Amino acid sequence: MKIRIAVSILLILLVSAVTAVGVYVISDVEEKPPVEPQAAPVPVEVAAVAAADFVHRIEALGTIAAVREGPVGAEVSGRIVGIPENIGLGSVVRAGALMARVDSTDFKIAVRKAAAQVASAKARVRKAAVDIERQRKLVRLNREQLRLARAEHERLTKLLKKELVSSQEAERQELAWRRIEEELESARSGERETEALHAIARADLALADVQLEQARETLRDTEIRAPFAGVIASKNVTLGERVAPGQVLFRLADVKTVKLDVRIPAGDIHRLDPRIVAQVRVRGLEEEFTGRVANIGPRADRETRSFPVEIFLSNTSGRKLLPGMFARAVIPVRDYPGAILIPRESVIFEDAEAAVFVADPDSGRAARRAVRIARRFGSRYMIAAGLEPGELLVTAGQRLLVDGVRIRVVTRRDLSS
């Protein structure tokens, strides 16, 4: 009995102790608020924003070509009887240099024949001139005789009125006057005829002169000469070959000045000016060449929407630039003083609005900043507003950021390069 009472007392004491501990724990929990765990800082890469003078340059690829290149062909038919030894593929020729000769035998005969026709026409002109002069003298003689005959007729008419001469004598004088008048008219007609013959002879002479000049020109065409100074780009004729008018025998390229044909996007074409100087590098050559924008095409390609542009380069020193070479041109089109350029990947877009994150080194947090983009240049944006020089721009890790989040700078980037 005593044992049961002791056990009951122990159980009551144990329950009381447990209850007291529970009440203490509950009260302690109610008095202290819960502690939330702190988020780890986001690792980021940053770069100091800098303002520097920037030159917008266009890079374009193209092919070197001759400024002037054209065919040299035969003007007459015949057999090639001569090609100078120095005329070959790659040979440099001066303007007017003999490149080939066609057999000229028949053409020389044609010149002699035309010259004989000219001589004959000149003789006819001289004869017609003599005939004109003779007729003119005859006209002057008949005119003088007519004047005398008229004067004599007037004198006899006066004497006839005074009955100092017979009427038969006066009539004979009148007939003589009429006969001389007819002879004068005939002489005048002969003068006009000889003048017409003289005009025909002069026309024949002019035609003969033209035919002689044509024959001489054709004879000159038997010598095929370089129309301009250049390099022989192709040779398509051999000695003894028969050629026809229009057949291309050579191709001649003027490479003292060459051009680089490039294509420029429509967005930059309005910035080009024929006075702009371009730097050109040619594949396979260590030297850099200076050119000048010379011609800008007025129409864009339908497929690429780019405009053709020609850059002229001097090639007088060693003729290093040859048609067909591949080259790259760098063309400066505009200066931007104090420009702020940042990497494209550092900009995020939400609802078509551009923004970046700027790091605050004092608080260790990132702040979201709206920016206004002026232009895009390759892998960079030019910022018109929203950033100031010296601020720390988050260039990597910004996709994980929200405004005011804690950050940890892992690396620093240099934007000047």
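Definitions and limits used
Residues numbered from 1 in each chain as written. Predicted model: local features only at pLDDT ≥ 70, side-chain atom pairs only at ≥ 80, totals over all residues. Heavy atoms only, no water. Helix = DSSP H or I, 4+ residues; strand = E, 2+ residues; numbered from the N terminus. Buried < 20%, exposed > 50% of the residue type's maximum accessible area, 1.4 Å probe, protein only. Contact = heavy atoms within 4.5 Å. Areas by Shrake-Rupley, 256 points an atom, 1.4 Å probe, with all protein chains shown as cover. Phe/Tyr/Trp six-rings, centres within 6.5 Å; stacked < 30°, edge-to-face > 60°. Polar contact = N/O pair within 3.5 Å; in protein donor to acceptor, adjacent residues only side chain to side chain. Pairing = 2+ DSSP bridges. pLDDT = per-residue confidence, 0-100.

Turning next to the overall build of the protein. Each helix and strand counted, the protein has four helices and 20 strands in total. Within the protein, the fraction of its 417 residues that count as buried is 33%. A sequence separation of at least 24 residues applies to 76% of the contacts in the protein between residues at least 6 apart. When the accessible surface of the protein is summed, it comes to about 26,400 Å², and 54% of that surface belongs to carbon and sulfur atoms.

One can find isoleucine 348 in strand S14 (residues 348–350). Sequence separation between isoleucine 348 and glutamine 398 is 50 residues, and the spatial gap between their C-alpha atoms is 8.2 Å. Filtering out sequence-adjacent residues up to four positions away, isoleucine 348 remains in contact with Glu353, Ala354, Ala355, Phe357, Gln398 and Arg399.

Think of a pair of aromatic rings as described by two things: how far the centres are apart, and how the planes are tilted against each other in angle. Considering all chains together, one arrives at four aromatic pairs under this definition. Ring centres 5.6 Å apart and planes at 65 degrees place the aromatic pair tyrosine 336 and phenylalanine 377 in the edge-to-face group. Of this pair, tyrosine 336 sits in strand S13 (residues 326–343) while phenylalanine 377 sits in strand S17 (residues 372–377), and the two are 41 residues apart along the sequence. The buried category is assigned to tyrosine 336, whose relative accessible area is 10%. A connected cluster of aromatic rings, assembled from ring pairs, spans Phe54, Tyr336 and Phe377.

With that settled, consider the environment of aspartate 131. Mapped onto the secondary structure, aspartate 131 falls in helix H2 (residues 105–161). You can call aspartate 131 buried: its relative accessible area is 13%. For the pair aspartate 131 and glutamate 191, spaced 60 residues apart in sequence, the C-alpha separation works out to 8.1 Å. At a separation of 2.7 Å, a polar atom in the side chain of aspartate 131 contacts the side chain of arginine 134.

Take the sheet that holds strand S5 (residues 98–102) next. With antiparallel pairing, the four strands of this open sheet are ordered in space as S6-S5-S3-S8. At either margin of the open sheet sits one strand with a lone partner, and together these are strand S6 (223–225) and strand S8 (242–243). Bridge count for strand S3 (residues 78–82) against S8 is two bridges, and the pairing is antiparallel. Each bridged residue has a counterpart across the sheet, and for glycine 78 the counterpart in S8 is valine 243.

The subject of this paragraph is the confidence of the model for the protein. In this model, the protein carries a mean pLDDT of 82, and residues with pLDDT of at least 70 account for 88%. Across residues 1–32, confidence stays below pLDDT 50; counting only partners more than four residues off in sequence or on other chains, it has zero contacts.

Tracing the backbone shows serine 346 in the loop between S13 and S14. From its side chain, serine 346 meets the backbone oxygen of proline 343 in a polar contact 2.6 Å long. Filtering out sequence-adjacent residues up to four positions away, serine 346 remains in contact with Ala355, Val356, Leu393, Val394, Thr395 and Gln398.

Turning to the pairing of strand S2 (residues 51–73), a few remarks are in order. Where S2 meets S13, 12 bridges bridge the pair, whose relative direction is antiparallel. Paired with valine 55 across the bridge in S13 is aspartate 335.

Two strands pair when backbone bridges link them, and strand S15 (residues 353–360) and strand S16 (residues 365–370) are joined in this way by six bridges, in the antiparallel orientation. Residue alanine 359 lies in a different strand from S16, and its bridge partner there is alanine 366. Hairpin remark: S15 followed by S16, antiparallel, with four residues in the connecting loop; positive phi at glycine 364, about 70 degrees.

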